[in-house]
Amino acid sequence: MKKSYRPGVYSQYDIISKPKSYEQRYAFFCGGAKVREEKNIPANTVVQLHSIEELKEYFLEEGSGKVFCSIARMLLESGISGLYVVPITTDGSIPAAEDYAAAIQKLCEIKKSGVILCDSSEQSVLQVLKDKTQEASQNQRERVAVAAVPKSDAQSVAQSLNCERMVLCCQESGSSFAGEEKSVLFSAAAVVAMLAVSQPDDRFYSRKMEGLISTEQLEESEIETLLQSGVTVLEEVESEVVCIRCVTTRTQTGGEEDRTFVSINTVLMIDDIIRAVRVQLSALLKDSRIGFSEDSIASQVAVILDEKEQQGFVTEFEPPVVYASEEDPTVCVVELEFHLASVPSQIYLTAHISI
């Protein structure tokens, strides 16, 4: 600030723009479909779609293909960068439970992060979906899975899955892409679309569900029970379908109640931070220089964590610890320690009134 001898109040300020992430957003879907004969696409083949025109080019709305195409339309209309689909059947028939594992595996092998959905509500299939989602997320292909089950099974399935990467829906909804047909899968597809195009710190409370025109109404007691069990719940408000709260099925740890991972924001923010650090360090390995110091690595990581702190994902962090592995000197170990921010979902107001 420029020094002055004139009496008065002087000020200065800096304007810091909040960093934004513009990474690409992808969705993954598998189920029974009806493939156009002239395309000759075998079952369990990965097809990448970017538009509804491409969807019409490959698939027909016949048999199970009706729901397949409706869900694909919902996802494509959401604004995602791309949609990867795997037709488990190609003649419009409904797939058997044992046919899903190969399709889910194909989708989890794609080297992109995103949200995955399959059209089965069988618990054995959802267990496979959970296992493959966790495996992919541990191998630099971060996934969140959304599943659809009947309301009568929702609590037991959520408790069985108990996974921070699984989001469960149980209400039948009507889609603007499916005429008068209603399905729990449309609720799940709307949640996939919401998550796929959102930022990790977005609030998923009273969020309008694009593509849905109606949803099954629940009693307040049912809503409380389902949310407590780790089931995501929707409702109609003034002719719009909104998400009351998007939660994961992770409500217990070691058999004890644990709400740490109930908010979907927790895993989304963790994935975003780790992915950002990984991308930054990968750039170092691809550099034309032969070597780089441990201090330079620590500095690069600290910059990313500082950016995430400015974004509000991290509340504080320790200086990164970097050292060479004792077993292999060509391996560099980077240890991070940071405090993750939380996204508040409730405010309790207590008033003390004197008259």
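Heads up: these notes are all about the structure in this document.

Conventions used here
Residues numbered from 1 in each chain as written. Predicted model: local features only at pLDDT ≥ 70, side-chain atom pairs only at ≥ 80, totals over all residues. Heavy atoms only, no water. Helix = DSSP H or I, 4+ residues; strand = E, 2+ residues; numbered from the N terminus. Buried < 20%, exposed > 50% of the residue type's maximum accessible area, 1.4 Å probe, protein only. Contact = heavy atoms within 4.5 Å. Areas by Shrake-Rupley, 256 points an atom, 1.4 Å probe, with all protein chains shown as cover. Pairing = 2+ DSSP bridges. Polar contact = N/O pair within 3.5 Å; in protein donor to acceptor, adjacent residues only side chain to side chain. Phe/Tyr/Trp six-rings, centres within 6.5 Å; stacked < 30°, edge-to-face > 60°. Lys NZ or Arg CZ within 6 Å of the ring centre and 35° of its normal. Core = buried A, V, L, I, M, F, W, Y, C linked by side-chain atoms within 4.5 Å. Salt bridge = Lys/Arg side-chain N within 4 Å of Asp/Glu carboxyl O.

## Brief notes about the overall build of the chain
Along the backbone of the chain there are 9 helices and 18 strands. Sorting the 355 residues of the chain into buried and exposed places 45% on the buried side. For the chain, the proportion of contacts with a sequence separation of at least 24, taken over those separated by at least 6, is 66%. Carbon together with sulfur atoms contributes 47% to the accessible area of the chain, which is approximately 19100 Å² in total.

## What about the sheet that holds strand S8 (residues 182-183)?
What the 3 strands build is an open sheet, ordered S8-S7-S10; its pairing is antiparallel. Both edges of this open sheet fall to S8 and strand S10 (212-215), since each of them pairs with a single strand only. Pairing analysis gives 3 bridges linking strand S7 (residues 173-175) to S10, with the strands arranged antiparallel. By the bridge assignment for S10, Ser173 is matched with Thr215.

## Quick look at the environment of Tyr100
On the secondary structure map, Tyr100 appears in helix H3 (residues 100-109). Given the relative accessible area of 4%, Tyr100 is considered buried. Separated by 29 residues in sequence, Tyr100 and Leu129 place their C-alpha atoms 8.7 Å apart. Discounting residues that sit within four places of it in the chain, Tyr100 has contacts with Cys30, Ile88, Pro95, Cys118, Asp119, Ser120 and Val125. Engagement of the side chain of Tyr100 in a polar contact is seen with the side chain of Asp119, the distance being 2.4 Å.

## Some thoughts on the packing of aromatic side chains
Two measures describe an aromatic ring pair: the distance that separates the ring centres and the angle between the ring planes. Throughout the structure, instances matching the rule amount to 5 aromatic pairs. When the ring of Phe28 is compared with that of Tyr84, the centres are 5.7 Å apart and the planes differ by 15°; the resulting orientation is stacked. Taken together, the positions of Phe28 in strand S1 (residues 26-32) and Tyr84 in strand S3 (residues 82-89) put the pair 56 residues apart, joining distant regions of the chain. Judged by relative accessible area, Tyr84 falls into the buried class, the value being 9%. An aromatic cluster of at least three residues, connected via ring pairs, comprises Phe29, Tyr58, Phe59 and Phe68. When the ring centre of Tyr58 is taken as origin, the NZ or CZ atom of Lys39, which lies over that ring, is 5.1 Å away. Positioned above the aromatic ring of Phe28, the side-chain terminus of Arg143 is 4.1 Å from the ring centre.

## What about the side chain of Arg275?
Topologically, Arg275 is positioned in helix H8 (residues 264-285). Looking at Arg275, the relative accessible area reads 15%, which means it is buried. At 3.4 Å, the side chain of Arg275 and the side chain of Ser113 are in polar contact.

## Structural notes on the nonpolar core
By size, the foremost hydrophobic cluster in this structure holds 51 residues, and its most contacted members are Phe59, Leu83 and Leu195. Core analysis: the next-biggest nonpolar cluster, separate from the first, contains 38 residues, Tyr26, Ile110, Ile116 and Leu161 among them.

## Examining the pattern of salt bridges
Scanning the entire structure with this criterion turns up 11 salt bridges. Across the salt bridge formed by Glu142 and Arg278, the nearest N and O atoms sit 2.9 Å from each other. A residue pair is termed long-range when its members are at least 10 positions apart, and Glu142 in the loop between helix H4 (123-137) and strand S5 (143-148) and Arg278 in helix H8 qualify at 136 residues. The class for Glu142 is buried, based on a relative accessible area of 4%. Its salt-bridge partner being Lys208, residue Glu240 comes within 3.6 Å of it at the nearest N-O pair. Placement of Glu240 in strand S12 (residues 240-245) and of Lys208 in strand S9 (residues 207-208) is noted, with a sequence separation of 32 residues between them. The exposure class assigned to Glu240 is partly exposed, which follows from its relative accessible area of 34%. In the salt-bridge network here, residues are joined through shared partners; they are Glu142, Arg275 and Arg278.

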